[in-house]
Amino acid sequence: MAEEAKLEGSLGSKLDKKSARYVANRAALMALMGGMREQEAAIRQGGGTKAAEAQRAKGRLTVRERLALLLDEGTELMELGLWAAHGMYEEFGGAPGAGVVTGLGRVSGRRCMVVANDATVKAGAFFPMTAKKVLRAQTIALENRIPTLYLVDSAGVFLPLQEDVFPDQDDFGRVFRNNAVMSSLGVPQITAIMGMCVAGGAYLPVMTDTVLMTEGSGLFLAGPSLVQAAIGQRTDAEELGGAAMHAEISGTVDFKEPNDHLCIARLRSLVEKIGRRQGTGSREQGTGGDESRLSEVFSRVAFDAAKDAPRYAADELYGLIDPDPAKAATNVYDMHDVIARIVDRSEFDEYKEDFGRTVLCGYARIGGRAVGIVANQKVHQQQTVAMGPQAGSKRTEFGGVIYTESAQKAARFIMDCNQNLVPLVFLHDVNGFMVGKDAEWSGIIRAGAKMVSAVSTSVVPKITVIVGGSFGAGHYAMCGKAYDPRFIFAWPTARYAVMSGASAANTLVEVRVKQMERGGKHLSEEEKKAIYEEIKATYDAQADPRYGAARMWLDGIIDPVKTREVLITALEACALNPEVARFNPGVLQT
């Protein structure tokens, strides 16, 4: 039986659920998850109860109420950027969720990107992170050709921070440029104006394909007060830019609706009628009776959620990693245990299993879709030395470190996936590349450059999940944010920095002590320790995934239990784009 499982590529599991380490890790992570869920619930409250009541007093729904009507019954929004602006803009009272909700949801059976202003947060005004969050949603929609729906209720740019919102390449104006580019590529965009749509923001709806507007809303480049100040003309908001005016006189809106409920009903009806381009989700009748599947570029087979589920329970992932950053060095675990809990039937065709063992590579399916997985192995490995006076002997390779052989293997595997049109999933828990004389003599820089080059020129969809540490150049080689993953997620256990807090603190303390000593001041051990703790605390806070998610370095912090579910949705979104550029890896160091 064991041999049969091995032949089928079925993964076993060495996770000891009775061990003290597992029990302690599980308790610690569940406590962390509980605290983060409370924070997430607070973020979803937006501007709070009083602001929500004010929104309803205008005859309008809150953003969450609108989304509940928009999404298909029994489905949820896979929210992206929930933590955006977390802990930021406190001098202005904060901006929960950056005042906008973005995510992937199913509307009239179609997978759509939704961008919805939260008017309870500073009247839906655009903070710098609001623009960044909307741009990220548009980027995801553009790369994956996802129909995009905008629910507009915004006062425009947050004026006290206009210099950080208005002028640059990745600021507010880029939103309208993206509207035009998405339209030119055939990505459907529909806007529903259900509140204010003012100043530069007025261009967004008009640059989309279809515009809906509710009575009582306003769409104008300048509001009544600014018009009076600029040209001395007196007018009220309804006459200046109300729904009736735009429907009857300017002809700017395509559908005038009495209220939010009917506007959303109309929006759902319009989405239902959007066609599907060849290869982007056209239905094909399968051979299995009523079975149907999407016609896609990437390999997909019929999938049964029950029969094809992993062989091991997802909630066992809670016992894998100690979330305490001070104990990161003790987080030695087998990454096969993660893979076994996210891939179909826990089946994994491992590539070059006995070579470069600190990076795992292999093929699997997730939700019926083929993927190539590149993952850091955290268990220390024995590797045969290939060259030099120690040739033929064994050396220990540290888990989470990329060695020369590992980088060579990963680069080749990534190229194979591009050759065969297999999307890539990267699972991070990486300390970086190996250093030292032996590593340099083995050509670690050359091998690392080869891996980074393969990731950079990869043309198939890439999805990144940061499970544990993601440090230094290892973050780049494993497809960090700068390497254009279609989606990038993190577990609450993730750590995201140039190096760990302890390593950074040790380095910076030494630098600071030498600076002080050159100035004639000698520090006691207690003073050195105090400096160390101060630096480490700051560094640990900045390495926390919430810090990165607040700045949109991450698309979301996900519950480990939902990793498979999130990947299934992300892969479905990726498959909507049938266009895959020619793979041209360029010059590789050999």
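The shown structure was predicted, so the numbers you read here are calculated from the model rather than taken from an experiment. (Residues numbered from 1 in each chain as written. Predicted model: local features only at pLDDT ≥ 70, side-chain atom pairs only at ≥ 80, totals over all residues. Heavy atoms only, no water.)

Asks: If you had to explain the overall build of the protein chain to someone new, which residues and values would you point to?
Replies: Of the regular secondary structure elements, the protein chain holds 20 helices and 22 strands. For the protein chain, whose C-alpha radius of gyration is 26 Å, the value lies close to the compact-globule estimate of 25 Å for 590 residues. In terms of its C-alpha atoms, the protein chain occupies a principal-axis envelope of roughly 90 × 80 × 50 Å. Taking all 590 residues of the protein chain together, the buried fraction comes to 53%. Contacts in the protein chain between residues at least 24 apart in sequence constitute 73% of all its contacts with a sequence separation of at least 6. (Helix = DSSP H or I, 4+ residues; strand = E, 2+ residues; numbered from the N terminus. Rg over C-alpha atoms; globule rule 2.2 N^0.38 Å. Buried < 20%, exposed > 50% of the residue type's maximum accessible area, 1.4 Å probe, protein only. Contact = heavy atoms within 4.5 Å.)

Asks: Describe the confidence of the model for the protein chain, with residues and values.
Replies: Summarising the model, the protein chain shows a mean pLDDT of 90, and 93% of its residues fall at 70 or more. Across residues 1-7, confidence stays below pLDDT 50; counting only partners more than four residues off in sequence or on other chains, it has two contacts. For residues 281-294, every residue scores under 50 in pLDDT, and the model assigns this stretch 21 contacts once sequence neighbours within four places are set aside. (pLDDT = per-residue confidence, 0-100.)

Asks: Just give me the short version of the environment of isoleucine 402, but keep the residues and values in it.
Replies: Of note, isoleucine 402 is situated in strand β16 (residues 401-402). Taking C-alpha positions, isoleucine 402 is 9.3 Å from alanine 477, a pair spaced 75 residues apart along the chain.

Asks: Account for the pattern of salt bridges, with residues named and values stated.
Replies: Under the definition given, this model contains 28 salt bridges. A salt bridge links arginine 341 to aspartate 337; its shortest N-O distance comes to 3.7 Å. The residues arginine 341 and aspartate 337 share a single accessibility class, namely buried. (Salt bridge = Lys/Arg side-chain N within 4 Å of Asp/Glu carboxyl O.)

Asks: Summarise the environment of glycine 362; cite the residues concerned and give the values.
Replies: Mapping glycine 362 onto the fold places it in strand β12 (residues 359-366). Relative accessible area serves as the criterion here: at 0%, glycine 362 is assigned to the buried category. Remark: the alpha-carbon pair of glycine 362 and phenylalanine 348, spanning 14 residues in sequence, is separated by 6.4 Å. Sequence-distant contacts of glycine 362, defined by excluding residues within four places in its chain, comprise Phe348, Asp349, Glu350, Tyr351, Val371, Gly372, Ile373 and Phe413.

Asks: Residues and numbers for helix α4 (residues 63-70), please.
Replies: When we look at burial in α4, the residues that qualify are Val63, Arg66, Leu67 and Leu70. One side of α4 holds all its buried residues, which, seen down the axis, span an arc of 100°. Summarising the contacts, the buried residues of α4 are in contact with α3 (49-57), β2 (100-107), β3 (110-117), β4 (148-154), β5 (189-198) and α11 (260-272). (Arc of directions from axis to C-beta.)

Asks: Any chance you could break down the nonpolar core for me, citing the residues and the numbers?
Replies: Most often, soluble globular proteins have nonpolar side chains that are buried together. In this structure, Met113, Ile339, Ile373, Leu427, Phe487 and Phe489 are the most contacted members of the largest nonpolar core, which totals 69 residues. Top element by residues in this core is helix α5 (residues 128-144). It accounts for seven residues. (Core = buried A, V, L, I, M, F, W, Y, C linked by side-chain atoms within 4.5 Å.)

Asks: Which residues make up the packing of α5 against helix α6 (residues 174-184), and what values do they have?
Replies: The N-to-C vectors of α5 and α6 enclose an angle of 15°; their axes lie 10 Å apart at closest approach. One way to sum up the angle between α5 and α6 is to call them roughly parallel. For the pair α5 and α6, the sense of crossing is left-handed. Contacts between α5 and α6 pair Val134, Leu135, Gln138, Ala141 and Leu142 from the former with Arg174, Val175, Asn178, Asn179, Val181 and Met182 from the latter. Classifying every residue of the contact of α5 with α6 by side-chain character gives seven nonpolar, three polar and one charged. (Axes fitted to C-alpha atoms, helices over the stretch in contact; angles between N-to-C directions. Parallel < 35°, antiparallel > 145°, perpendicular 65-115°, else oblique. Left-handed = near helix turned anticlockwise from the far one by under 90°. Nonpolar A, V, L, I, M, F, W, Y, C, P; charged D, E, K, R; others polar.)

Asks: Explain α11 residue by residue, including any values.
Replies: When the terminal C-alpha atoms of α11 are compared, their 18 Å separation across 13 residues agrees well with the 18 Å that a helix rising 1.5 Å per residue should span. All of the buried residues in α11 are Asp260, Cys263, Ile264, Leu267 and Val271. End-on, the buried residues of α11 take up no more than an arc of 95°, which puts them together on one face. At the N-terminal end of α11, a side-chain oxygen is found 3.2 Å from the backbone nitrogen of histidine 261, two or three residues along, and the residue is asparagine 259. (Expected span 1.5 Å × (residues − 1). Polar contact = N/O pair within 3.5 Å; in protein donor to acceptor, adjacent residues only side chain to side chain.)

Asks: Go over the environment of alanine 490 with me, naming the residues and quoting the values.
Replies: Within the secondary structure, alanine 490 sits in strand β20 (residues 487-490). Taking C-alpha positions, alanine 490 is 12 Å from methionine 552, a pair spaced 62 residues apart along the chain. Beyond its immediate sequence surroundings of up to four residues, alanine 490 is in contact with Ile466, Pro545, Leu554, Gly556, Ile557 and Ile558.

Asks: Account for the side chain of serine 154, with residues named and values stated.
Replies: Along the chain, serine 154 falls in strand β4. Contact partners of serine 154, with chain neighbours within four places excluded, come to Asn117, Ala123, Gly124, Ala125, Phe126, Met196, Cys197 and Val198.

Asks: I'd love a proper account of a nonpolar patch on the surface, names of residues and values included.
Replies: A cluster of nonpolar side chains, namely Tyr203, Met207 and Leu221, defines an oily patch on the protein surface of about 290 Å² accessible area. Along the polypeptide, leucine 221 turns up in the loop between β7 (218-220) and α8 (224-231). On the basis of relative accessible area, leucine 221 is assigned to the exposed category, the value being 53%. (Patch = residues over 30% accessible without salt bridge, like charges linked within 9 Å, V, L, I, M, F, W, Y side chains within 5 Å. Areas by Shrake-Rupley, 256 points an atom, 1.4 Å probe, with all protein chains shown as cover.)

Asks: Outline the packing of aromatic side chains, listing residues and values.
Replies: Using the criterion set out here, one finds 11 aromatic pairs in the structure. Where phenylalanine 127 meets phenylalanine 158, the ring centres are 4.2 Å apart and the plane angle is 20°; that geometry is what we call stacked. Linking phenylalanine 127 in the loop between β3 and α5 with phenylalanine 158 in the loop between β4 and α6, this pair joins segments that are 31 residues apart in sequence. Phenylalanine 158 sits in the buried class, given a relative accessible area of 11%. Geometrically, the ring pair formed by tyrosine 476 and tyrosine 483 is tilted, given 5.9 Å between the ring centres and 40° between the ring planes. Taking the relative accessible area as the measure of exposure, tyrosine 476 reaches 41% and is therefore partly exposed. For the cation-ring pair, lysine 437 lies above tryptophan 441, with the distance from its terminal atom to the ring centre recorded as 5.1 Å. Cation over ring: arginine 551 sits above tyrosine 547, and NZ or CZ is 3.6 Å from the ring centre. (Phe/Tyr/Trp six-rings, centres within 6.5 Å; stacked < 30°, edge-to-face > 60°. Lys NZ or Arg CZ within 6 Å of the ring centre and 35° of its normal.)

Asks: Tell me what's going on with the side chain of glutamine 138, and back it up with residues and numbers.
Replies: Of note, glutamine 138 is situated in helix α5. With near-sequence residues (within four places) excluded, glutamine 138 lies in contact with Tyr150, Arg174, Val175, Asn178, Asn179 and Met182.

Asks: Can you lay out the state of the cysteines for me, pointing to particular residues and giving the numbers?
Replies: A full pass over the atoms with the stated rule returns zero disulfides. Here cysteine 112 stays free of any disulfide, with the sulfur of cysteine 263 as its closest cysteine sulfur at 15 Å. The exposure class assigned to cysteine 112 is buried, which follows from its relative accessible area of 0%. Cysteine cysteine 197 remains unbridged, with the sulfur of cysteine 263 as its closest cysteine sulfur at 12 Å. Look at cysteine 197 and you get buried, because its relative accessible area is 1%. (Disulfide = S-S within 2.5 Å.)

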